[in-house]
Amino acid sequence: MAVELSHVLSKLEMLSTSDYASVVSMNLFVALLCACIVIGHLLEENRWMNESITALLIGLCTGVVILMFSGGKSSHLLVFSEDLFFIYLLPPIIFNAGFQVKKKQFFVNFITIILFGVVGTLISCTIITLGVTQIFKRMHIGSLEIKDYLAIGAIFAATDSVCTLQVLNQDETPLLYSLVFGEGVVNDATSVVLFNAINSFDLKQLDHRIALHVLGNFLYLFTASTVLGVLAGLLSAYIIKKLYFGRHSTDREVALMMLMAYLSYMLAELWYLSGILTVFFCGIVMSHYTWHNVTESSRITTKHAFATLSFVAETFIFLYVGMDALDIDKWRFVSDSPGISVAVSSILLGLILAGRAAFIFPLSFLSNLIKKSSNEKISLRQQVIIWWAGLMRGAVSMALAYNQFTLSGHTELRSSAIMITSTITVVLVSTVVFGLVTQPLIRYLLPQGPPPKRKNSMSNLESSSPKSITVPFLGDAQESEADLDGNEISHPSSIRDLLTTPTHTVHHLWRKFDNAFMRPVFGGRGFVQVVPDSPAERNGPHQWN
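Residues numbered from 1 in each chain as written. Predicted model: local features only at pLDDT ≥ 70, side-chain atom pairs only at ≥ 80, totals over all residues. Heavy atoms only, no water.

## Re a nonpolar patch on the surface
A contiguous nonpolar surface patch, about 530 Å² in accessible area, is contributed by I111, F365, L366, L369 and I370. The element contributing the most residues to the nonpolar patch is helix α14 (residues 338-370), with four residues. Assignment of secondary structure puts F365 in helix α14. Residue F365 is classed as exposed on the basis of its relative accessible area of 53%. (Patch = residues over 30% accessible without salt bridge, like charges linked within 9 Å, V, L, I, M, F, W, Y side chains within 5 Å. Areas by Shrake-Rupley, 256 points an atom, 1.4 Å probe, with all protein chains shown as cover. Salt bridge = Lys/Arg side-chain N within 4 Å of Asp/Glu carboxyl O. Helix = DSSP H or I, 4+ residues; strand = E, 2+ residues; numbered from the N terminus. Buried < 20%, exposed > 50% of the residue type's maximum accessible area, 1.4 Å probe, protein only.)

Given below as structure tokens:
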């Protein structure tokens, strides 16, 4: 009996020690997040640095310190988990991007974004897969199968849309931001869907039927994910418009918007769809309808709450990637042949450069053929910036690589360890080197004078709020608010008119449908029902128009 009691006490002591270590780790990690925010603020005006690179470098320095204090046993405070990334960190980032995105620029360039994000990703994946298949077999790095080579193509075809948010400015370069970020979101979704498709089929005997099955599966996932996101956004708008929670509590409005956005993502994952696409389009629809149905205080709260959650998640990701880069367990497998790891990383970087160039310039040429106006065409300098800004690889590539080559974050195979360390190296080099050069490259190729001074958060509220308050769901950059609210744009009188002004035509048709059917049901700008004694009535009707 005494022996059993001592055994139980020793177990409790071990659990207590483990819990205490977890608390210490979380304290240190939160302190590092605070340090990233402070240092990022101090480097705000630096033309080379941005917050993602700052967090990455702080993570690296912290990893070195932990490695020294642990005697070379560990370099990180938390164990990387793809579930942590895909379930908790990625949704707020992608949702806020859809919620804040300039819908005018996004939908005007929608065809180009789909070309880059879907066709371009497939081209890049093909080039990377062919390259690693031919080169890695000659290097004898280990036992890699055809499924592994295809997975490598999908892993490194995934751009880092999170870092794009940091290095491009939506107000200074709206066209570039719209194209690169819009492509990044679609690219991430395409890469994840492609990665899952590769791992779900038996690829030992490749034939045209499997290829068609993969293509059909992708089209289904893309369409179903988009529809689910739109439906979730419309449902939230309808509920808030009909029940008008704001008459009693603005907290319920904010909570409902957050939970329904997250629910859309989790439903997509539950039904094996693309949560990235779902939550992105849910954010777009919520900004167009739901956001106009809530009280003024809820508008301010949601805008800042979504942006804050996204910012913290971004910083968390880059901080952890920096610390995990020095994980001694993974580097121990390649310590006897560091040259191979360097060679693999260099080859992957070269293939990423070649794969992106192989679709950016040809697809930009095709996109320019469709566009009639010279202002809408993508110039060669802009193409170079789009090519360069999309070279960064980040947490999506890391998460997919861990999923393919590790088991619960650990690996026992030399080939898998080489791929993990090479992925870490590619992420670090591409984020730091390409990220550092992006902003100076934009200033060199597209000189626009000194950047505008930043406004404080309250004075900048109107300009940085969801863009549907000042622009339509679809529209042209030259249209004024008066034009958009009137009926200035006429119906196309011929097929020629329809083809020469597709943006105006689509916007005209969409606006008529939106005003006649969608806004009366789901609300939106100018269609909000004012409840007596509500904040809307007290603030005046101009707050809702």
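Following the structure, the description resumes.
## A word on the nonpolar core
In this structure, F85, F136, I152, F156, L348 and M419 are the most contacted members of the largest nonpolar core, which totals 130 residues. If you tally residues by element for this core, the top one is helix α8 (residues 174-200), at 15 residues. Setting aside anything within four residues of it in sequence, one finds I152 in contact with I128, V132, F136, L144, L348, F405 and M419. With seven residues, the next largest nonpolar core counts L234, W510, M518 and F522 among its residues. (Core = buried A, V, L, I, M, F, W, Y, C linked by side-chain atoms within 4.5 Å. Contact = heavy atoms within 4.5 Å.)

## As for the side chain of Q404
The residue Q404 is located in helix α16 (residues 395-405) in this model. Among the polar contacts listed, one links the side chain of Q404 to the side chain of D148, at a separation of 2.8 Å. In contact with Q404, not counting residues within four places along its chain, are K147, D148, A151, I155, F195 and N199. (Polar contact = N/O pair within 3.5 Å; in protein donor to acceptor, adjacent residues only side chain to side chain.)

## Focus on unusual backbone geometry
The phi torsion at Y272 lies on the positive side, around 60 degrees, for a residue other than glycine. Here Y272 is to be found in the loop between α10 (250-270) and α11 (275-293).

Purely spatial values, then, with no claim about function.
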